[in-house]
Amino acid sequence: MKEHDVFLLQGSNKENKKKYLDQSLILISEEIGKIIKISSYFESEAWNMKNSSIFYNRALYIKTNYPPIDLLKKILNIEFLIGRKKNSCQGKYQNREIDIDILFYDHIMIYSSILKIPHPLLHLRRFVLEPMCEIAPNKSHPIFNLTILEILGLCIDKLYVKKISYMNFP
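The structure displayed is predicted, hence computed values, not measured ones.

Engineer: What am I meant to see in the packing of aromatic side chains here?
Structural biologist: By convention here, two paired aromatic rings are described through the distance between centres and the angle between planes. Applying the stated criterion to the full structure yields two aromatic pairs. Each ring, one from F7 and one from Y61, has its centre 4.7 Å from the other, and the planes form 10°; the classification is stacked. With F7 in strand 1 (residues 4-12) and Y61 in strand 4 (residues 55-64), the pair connects residues that are 54 residues apart, well separated along the chain. In this structure, F7 and Y61 share a single accessibility class: buried. Where F7 meets F104, the ring centres are 6.3 Å apart and the plane angle is 90°; that geometry is what we call edge-to-face. In this pair, F7 sits in strand 1 while F104 sits in strand 7 (residues 99-105), placing the two residues 97 residues apart along the sequence. We note that F7, like F104, is buried. An aromatic cluster of three or more residues is present, and its members are F7, Y61 and F104.

Right, dumping it as structure tokens:
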């Protein structure tokens, strides 16, 4: 079975944010695949949300045997197990225990009603680009043909993003 290179972003802005990120990391390693790299924890302002608490985010590089749709189903199940109830309400983002986004899957592009890869907003979000730069600054975006580091340099998002702790991982 072929292993696929996948980059994910974890996010949480409810209660014990670090606990939710860590719980989902364990489930990802048990249910989805091998974790190769983990970024530090990053604290950030909520993107496109009013009156929301600070988010914790972290980027992951994993290897998986699952095809994209099956990977999405596994991620949705992990979010459900950790307590996430819904994605959004009337098009507005909601506070969440955990949010796991697929940023990249190999070098492929998918644009369907249920899955878009690469993530269609990642180039607009500093809270995605900063942790991605820590683990894969030279990862090439298959649409823009720019590295993550180059995209970060062009990003106009000025929301607060700060590294809050370093991750020690082999």
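Now, onward.
Engineer: I'm lost on the pattern of salt bridges in this one. Help?
Structural biologist: Oppositely charged side chains may form a pair once their charged atoms are brought near each other. Evaluation of the coordinates by the stated rule reveals eight salt bridges. Of the charged contacts in the structure, one is a salt bridge between D22 and K18, with a shortest N-O distance of 3.1 Å. Placement of the pair is D22 and K18 together in helix 1 (residues 17-31), with a separation of four residues, close to one helical turn. Between R126 and E130 there is a salt bridge, with the nearest N and O atoms lying 3.3 Å from each other. Taken as a pair, R126 and E130 lie in helix 3 (residues 126-135) at a separation of four residues, close to a single helical turn. Using a relative accessible area of 16% as the deciding quantity, one classes R126 as buried. A residue is classified by how much of its surface remains accessible, and E130, at 23% relative accessible area, is partly exposed. What you see here is one network of salt bridges that share partners, running through K18, D22 and R58.

Engineer: Looking at this structure, I do not really get the nonpolar core. What am I missing?
Structural biologist: Soluble globular proteins tend to pack their nonpolar side chains together in the buried interior. Formed by 24 residues in total, the largest nonpolar core has its most connected members in L8, I28, I62 and I102. Residues in contact with I28, not counting those within four places in the same chain, are L8, Q10, G33, I35, L60, I62, I78 and I100.

Engineer: How should the pairing of strand 7 be read in this particular structure?
Structural biologist: Successive side chains on a regular strand alternate, one facing one side of the sheet and the next facing the other. Counting buried positions over the seven residues of strand 7 gives seven, a clear majority of the element. Sheet topology places strand 1 next to strand 7; six bridges connect them, and they run antiparallel. Paired with L9 across the bridge in strand 7 is D101.

Thresholds, definitions, all that
Residues numbered from 1 in each chain as written. Predicted model: local features only at pLDDT ≥ 70, side-chain atom pairs only at ≥ 80, totals over all residues. Heavy atoms only, no water. Phe/Tyr/Trp six-rings, centres within 6.5 Å; stacked < 30°, edge-to-face > 60°. Helix = DSSP H or I, 4+ residues; strand = E, 2+ residues; numbered from the N terminus. Buried < 20%, exposed > 50% of the residue type's maximum accessible area, 1.4 Å probe, protein only. Salt bridge = Lys/Arg side-chain N within 4 Å of Asp/Glu carboxyl O. Core = buried A, V, L, I, M, F, W, Y, C linked by side-chain atoms within 4.5 Å. Contact = heavy atoms within 4.5 Å. Pairing = 2+ DSSP bridges.

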